[in-house]
Amino acid sequence: MNAKLQLKNLTKSYGKTTVCNGIDLEIEQGQMVCLIGASGAGKSSLLRCINLLEDIEEGEILLDGVDISTPGFDPQKVRSRIGMVFQSFNLFPHMTALDNAMLAPRRVLGKTRAQIRPEIEELFHKFGLADRMHQFPNQLSGGQQQRVAIVRALAMRPEVMLFDEITSALDPQLVGEVLDVLLMLKNQGMTMVLATHEMAFAREAADVVCFLKDGQIVEQGPPSQIFEAPKQNATQSFLARALK
Amino acid sequence: MRSTRYKKTNRRQAYEAKRRRRSNIIAAISTAIAAAFLYILVPLTPGWSKVKLSFFNWDVLVKTFPKLLDAFLLNVMIFAWSAPLIAILGLLIALARNTQSPALFPLRIFGATFTDVFRGVPVILTVYLIGFGIPGLGLPRPWNSPYIWGTLALVLTYSAYVAEIFRSGIESVHKSQRAAALSLGLSERQAMRDVILPQAIRNVVPSQMNMLIALQKDVSLLSFIGPVEIFRQAGVFKSLMANFTPYVGAALIFLVVTIPSTRYADYLMARQMRARE
Ligand SMILES: Nc1ncnc2c1ncn2[C@@H]1O[C@H](COP(=O)(O)OP(=O)(O)O)[C@@H](O)[C@H]1O
Ligand SMILES: [Mg+2]
């Protein structure tokens, strides 16, 4: 059986700096993969490559066995199947939360407001945002904003979700509500890749943890292996610092 | 607990109101002293009596003011049809300069050249060159009208400035907004139209207000190629009556329009600064 998402020798550089250096990774349907590693390790770059926000130089990105990284492949098609949430500045500040979530289904899928509204309102209800739908982003807390950003991505009914340190810019007391949403998604069987600094969360919730350094996956495996018995020195010293 | 807090705010407000009153009184007194000095000193200058007669002649002002107002209506009209054209052309130039695709390189070059040229030449020169040059080709009526070519000169010049302001507005929108839009599956064009432009335009409203104020004044430059707008009308009166007061009248009319709009632009700017903090 094919993996849902498969990266083969994915390589990307900005000028002389190679930010993704021969990444190999297989993600099964419904798995949660956590990318950990120091700042600058290449986690964001990897996620941006998967969503075709960056062109890659070498390698393949297979979604359901189809290489989506071939030049000429329509990136819009791919992006409407793969959702992404960023660290910050996600929401469009000139639209209400509901309009944020309705924009892409309207523009990309050509649906009318009336057609999609019930479904999207249900998402808001499900994620505890029912009373926030008609507010503008600046009227929401950081945690609520990130949850709306997740709802907005889900409105496109993606098959895979990418999360780039979505709790890093939040006050500590708001992190929990966002991580809870990720757990809900996992329980519903969403395939997810997330870059994170939340080691406790990765340890508890991830199916696979990848430790990245200098654009390479130094070590990958189930959280029990990575956190309890890391084989590589680099992983050990990173975790020693991160878990302190 | 609650009531004591209210009391405290009340006392603070009372204190601040008192301080404001005090500084207002001081400001009023010092202004009065300055005005008195001017009022006493200026008439002591050797040429004052002559200047007073030829620049501040009440009878001349009263006689010419209604006609000046009529002429100002022409300024307002030229302004009214130029401004939307400038907004549209300025936005198009900004978008042209902002395109990414290699195939559109000529468009970017055109945009850059356009802004460089029309920002680099004094407005009056552009008005002269286009306003006299093109009708000089011997075009039939109405295509020799100075209104058309004068308007074109203003539109070209102001579009160049307005385009640069729009462009700075587009650049002021955080890069993540584009990424967020694209990651949802929107095309570049949709991202620009639905996500980036609405924010960019809102960010530059105060700066564009200032351009509108400048335009309102520069409409007078068209007087050099024909239209009898307020400046030209004042000139006609000056020759007729051998008196400069009509110019003062024209200036007053401009100020009535420009001072409130300048204040409003400043207010918008200040409000935006506060929102950014
Ligand atoms: N647009 C860019 N241009 C040049 N270098 C970049 C760019 N984006 C990221 N980098 C570099 O790529 C490396 C990896 O960055 P990033 O993927 O953001 O790492 P992480 O998300 O793990 O912190 C860093 O050295 C960073 O400086
Ligand atoms: Mg990052």
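As the structure is a prediction and not an experimental result, all values here were calculated from the model.

*Asks:* Could you give an account of the overall build of chain B, with specific residues and numbers?
*Replies:* A count of helices and strands for chain B gives 10 helices and 0 strands. Helices and strands appear in chain B in the N-to-C order α-α-α-α-α-α-α-α-α-α. Rg of the C-alpha trace for chain B: 26 Å, well past the compact-globule value of 19 Å for 277 residues, more than 25% over. Each principal axis of the C-alpha distribution contributes one length, and for chain B these read about 85 × 70 × 30 Å. Within the span of chain B, comprising 277 residues, buried residues form 38% of the whole. Relative to all contacts within chain B whose residues are 6 or more apart in sequence, the contacts with residues 24 or more apart total 76%. Averaged over its 32 positive side-chain charges, chain B has a centre that lies 11 Å from the centre of its 12 negative ones.

*Asks:* Quick rundown of helix H5 (residues 142–154) of chain A? Include the residues and the values.
*Replies:* The end-to-end C-alpha distance of H5 of chain A is 18 Å, a good match for the 18 Å that 13 residues give at a rise of 1.5 Å each. With respect to burial, H5 of chain A is a largely interior element, 11 of its 13 residues being buried. Among the residues of H5 of chain A, those classed as buried are Gly143, Gln144, Gln146, Arg147, Val148, Ala149, Ile150, Val151, Arg152, Ala153 and Leu154 of chain A. Along its buried surface, H5 of chain A packs onto strand S6 (82–85), helix H3 (97–109), helix H4 (113–126), strand S7 (160–164) and helix H6 (172–187) of chain A together with helix H7 (175–183) of chain B.

*Asks:* Please give an account of the pattern of salt bridges that cites residues and values.
*Replies:* According to the stated counting rule, one finds 22 salt bridges over all chains in the structure shown. Put simply, Arg48 of chain A and Glu54 of chain A hold a salt bridge, and the shortest N to O gap is 3.0 Å. Between Glu16 of chain B and Arg12 of chain B there is a salt bridge, with the nearest N and O atoms lying 3.8 Å from each other. Residue Glu16 of chain B and its partner Arg12 of chain B are both found in helix H1 (residues 2–41); the two are separated by 4 residues, about one turn of the helix. Overall, the relative accessible area of 55% leaves Arg12 of chain B in the exposed class. Counted as one network, the salt bridges with shared partners bring together Lys4, Asp64, Arg81 and Glu159 of chain A.

*Asks:* Now, about the packing of H3 of chain A against H4 of chain A: what can you tell me, with residues and values included?
*Replies:* All names here are of chain A. The N-to-C vectors of H3 and H4 enclose an angle of 130°; their axes lie 10 Å apart at closest approach. Between H3 and H4, the angle is such that the two are oblique. Of the two possible hands of crossing, H3 and H4 adopt the one that is right-handed. Between H3, through Ala97, Leu98, Asp99, Ala101, Met102, Pro105 and Arg106, and H4, the contact on the second element is made entirely by Arg113, Ile116, Arg117, Ile120, Glu121 and Phe124.

*Asks:* An account of the pairing of strand S10 (residues 216–221) of chain A is needed here, citing residue identities and associated values.
*Replies:* Residues and elements named next belong to chain A. Pairing of strand S9 (residues 208–213) with S10, which is carried by 5 bridges, proceeds in the antiparallel orientation. For Lys213, the partnering residue across the bridge sits in S10 and is Gln216. Hairpin connection from S9 to S10: 2 residues lie between these consecutive antiparallel strands, with Asp214 at a positive phi of about 50°.

*Asks:* Account for the site of ligand 1, naming residues and giving values.
*Replies:* Residues and elements named next belong to chain A. Surrounding ligand 1, one finds Tyr14, Val19, Ala38, Ser39, Gly40, Ala41, Gly42, Lys43, Ser44 and Ser45. Between ligand 1 and Ala41, the relevant distance is 3.2 Å, taken from an oxygen atom to a main-chain nitrogen or oxygen of the residue. Between Gly42 and ligand 1, the recorded distance is 3.0 Å, taken from a backbone N or O atom to an oxygen atom. Within the complex, 57% of the 560 Å² of free accessible area of ligand 1 lies under protein. Ranked by residues supplied to the shell around ligand 1, first place goes to helix H1 (residues 43–50) with 3 residues. When the residues that make up the shell around ligand 1 are grouped by side-chain class, the tally is 4 nonpolar, 5 polar and 1 charged.

*Asks:* Which residues make up the confidence of the model for chain B, and what values go with them?
*Replies:* Residues and elements named next belong to chain B. Within chain B, residue pLDDT values average 90, and 96% of them lie at 70 or more. Of all helices and strands in chain B, the one with the weakest mean pLDDT is H1 (84), whereas helix H6 (residues 146–172) scores best (95). ipTM for the predicted complex: 0.92, alongside a pTM of 0.86.

*Asks:* Tell me what's going on with the domain arrangement of chain B, and back it up with residues and numbers.
*Replies:* A common way to report how large an interface is uses the accessible area buried once the components associate. Assigned domains of chain B: these are domain 1 (2–44) and domain 2 (48–276). For domain 1 of chain B and domain 2 of chain B, the distance between their C-alpha centres works out to 38 Å.

*Asks:* Lay out the packing of aromatic side chains in plain terms, naming residues and giving numbers.
*Replies:* The full count for this structure, using the stated rule, is 12 aromatic pairs over all chains. Taking the centre distance of 5.0 Å and the plane angle of 10° together, the rings of Phe55 of chain B and Phe244 of chain B count as stacked. On the criterion of sequence distance, the pair formed by Phe55 of chain B in helix H2 (residues 48–55) and Phe244 of chain B in the loop between helix H9 (230–241) and helix H10 (245–276) is long-range, its members being 189 residues apart. On the accessibility criterion, Phe55 of chain B (31% relative accessible area) is partly exposed. Members of the aromatic cluster, each reached through a chain of ring pairs, are Phe55, Tyr128, Phe132, Phe224, Phe231, Phe244 and Tyr247 of chain B. Sitting over the face of the ring of Phe92 of chain A, Arg152 of chain A holds its NZ or CZ atom 4.3 Å from the ring centroid.

*Asks:* Go over the side chain of Ser13 of chain A, please, and point to the residues and values.
*Replies:* Residue and element names in this part refer to chain A. The topology assignment puts Ser13 in strand S1 (residues 5–14). A distance of 2.5 Å separates the side chain of Ser13 from the side chain of Glu57, its partner in a polar contact. Once residues lying within four places of it in the same chain are set aside, the contact partners of Ser13 are Thr18, Val19 and Glu57.

*Asks:* Would you mind going over the sheet that holds S9 of chain A in detail, with residue names and values included?
*Replies:* Residues and elements named next belong to chain A. Across the sheet, which stays open at both edges, the 6 strands sit in the order S6-S7-S8-S3-S9-S10 with mixed pairing between neighbours. Both outer strands of the open sheet, S6 and S10, are each paired with one neighbouring strand and no more. Each neighbouring strand pair of the sheet contributes to a mean axis angle of 15°, computed without reference to strand direction. In terms of strand pairing, S7 meets strand S8 (residues 191–195) through 5 bridges, oriented parallel. Of the residues in S8, the one forming a bridge with Phe163 is Leu194. Sheet strands in contact with H6 are strand S3 (32–36), S7 and S8, and its direction is about 150° off that of S8.

So, how was this worked out
Residues numbered from 1 in each chain as written. Chains lettered and ligands numbered in written order. Predicted model: local features only at pLDDT ≥ 70, side-chain atom pairs only at ≥ 80, totals over all residues. Heavy atoms only, no water. Helix = DSSP H or I, 4+ residues; strand = E, 2+ residues; numbered from the N terminus. Rg over C-alpha atoms; globule rule 2.2 N^0.38 Å. Buried < 20%, exposed > 50% of the residue type's maximum accessible area, 1.4 Å probe, protein only. Contact = heavy atoms within 4.5 Å. Lys, Arg positive; Asp, Glu negative; His and termini not counted. Charge placed at Lys NZ, Arg CZ, Asp CG, Glu CD. Expected span 1.5 Å × (residues − 1). Salt bridge = Lys/Arg side-chain N within 4 Å of Asp/Glu carboxyl O. Axes fitted to C-alpha atoms, helices over the stretch in contact; angles between N-to-C directions. Parallel < 35°, antiparallel > 145°, perpendicular 65-115°, else oblique. Left-handed = near helix turned anticlockwise from the far one by under 90°. Pairing = 2+ DSSP bridges. Near = heavy atom within 4 Å. Polar contact = N/O pair within 3.5 Å; in protein donor to acceptor, adjacent residues only side chain to side chain. Areas by Shrake-Rupley, 256 points an atom, 1.4 Å probe, with all protein chains shown as cover. Nonpolar A, V, L, I, M, F, W, Y, C, P; charged D, E, K, R; others polar. pLDDT = per-residue confidence, 0-100. Domains from an automatic or database assignment. Phe/Tyr/Trp six-rings, centres within 6.5 Å; stacked < 30°, edge-to-face > 60°. Lys NZ or Arg CZ within 6 Å of the ring centre and 35° of its normal.

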